[in-house]
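Topology and contacts: notes
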Amino acid sequence: MKSQWCRPVVMDLGVHQLRHFSISFLSSLLETENTSVRLDNSSSDASVVAIDNKIEQAMDLVKSHLMYVVREEVETLKEQIKELIEKNSLEQENNLLKTLASPEQLAQFQAQLQTGSRPVTTQPPAQPAFQGSGPTA
């Protein structure tokens, strides 16, 4: 479920980066135009400043939103890392238990899985618990 949620976030991140690029590009174009406008007409300085302020506000808004999205993505990734570490730890423990278990214990466990019964807890390996299957060696 989380991987489905991550895709829109990554897509949104790309869109915001594109917007930031577009705003930066537009801003650089306006700055070059502003220079020529200032040379041609000094009375339009107020409108140029207003445009610059609007661009700066838009860039700040995009930046803050991008930072918010990045923080959310970092938190999601941290949660996924924790889950993967836990899963990895359980897999290692499972592999260790498989290597330490006797063939009889593994056969008993496989039989329990096939019948759907709950696993029976056993004593330490020195004293295995038997379920009345007859005398053993």
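Residues numbered from 1 in each chain as written. Predicted model: local features only at pLDDT ≥ 70, side-chain atom pairs only at ≥ 80, totals over all residues. Heavy atoms only, no water.

1. Points about the overall build of the protein chain
Secondary structure assignment for the protein chain yields three helices and zero strands. Listed by position from the N terminus, the elements making up the protein chain come as α-α-α. Relative to its 137 residues, the protein chain shows a buried fraction of 12%. Partitioning the contacts of the protein chain with sequence separation of at least 6, the portion at a separation of at least 24 is 60%. (Helix = DSSP H or I, 4+ residues; strand = E, 2+ residues; numbered from the N terminus. Buried < 20%, exposed > 50% of the residue type's maximum accessible area, 1.4 Å probe, protein only. Contact = heavy atoms within 4.5 Å.)

2. A few points about the UniProt feature "coiled-coil region" (unreviewed entry) in the protein chain
When the UniProt feature table is mapped to this numbering, "coiled-coil region" (unreviewed entry) covers residues 67–94. With 100% helix and 0% strand, the stretch residues 67–94 has end C-alpha atoms that lie 40 Å from each other. (UniProt positions renumbered as here; feature names shortened; annotations may be inferred.)

3. Some remarks on the pattern of salt bridges
All chains considered together, the criterion is met by one salt bridge. One salt bridge connects Glu-75 with Lys-78, and the closest N-O pair in it is separated by 3.9 Å. Of the two residues, Glu-75 and Lys-78 are both situated in helix 2 (residues 45–100); the distance of three residues between them amounts to about one turn of the helix. Here Glu-75 falls in the partly exposed class, since its relative accessible area comes to 43%. (Salt bridge = Lys/Arg side-chain N within 4 Å of Asp/Glu carboxyl O.)

4. Overview of helix 2
Along its 56 residues, helix 2 runs 81 Å from first to last C-alpha, staying within 8% of the 82 Å computed at 1.5 Å per residue. Taken together, the buried positions of helix 2 are occupied by Val-48, Ile-55, Val-62, Leu-66, Val-69, Glu-73 and Thr-76. (Expected span 1.5 Å × (residues − 1).)

5. Focus on the confidence of the model for the protein chain
For the protein chain, the mean per-residue pLDDT works out to 75, and 54% of the residues sit at or above 70. Mean pLDDT across the elements of the protein chain ranges from a minimum in helix 1 (residues 2–40), with 56, to a maximum in helix 2, with 94. Note on residues 33–40: pLDDT under 50 across the span, and seven contacts to partners over four residues away in sequence or across chains. (pLDDT = per-residue confidence, 0-100.)

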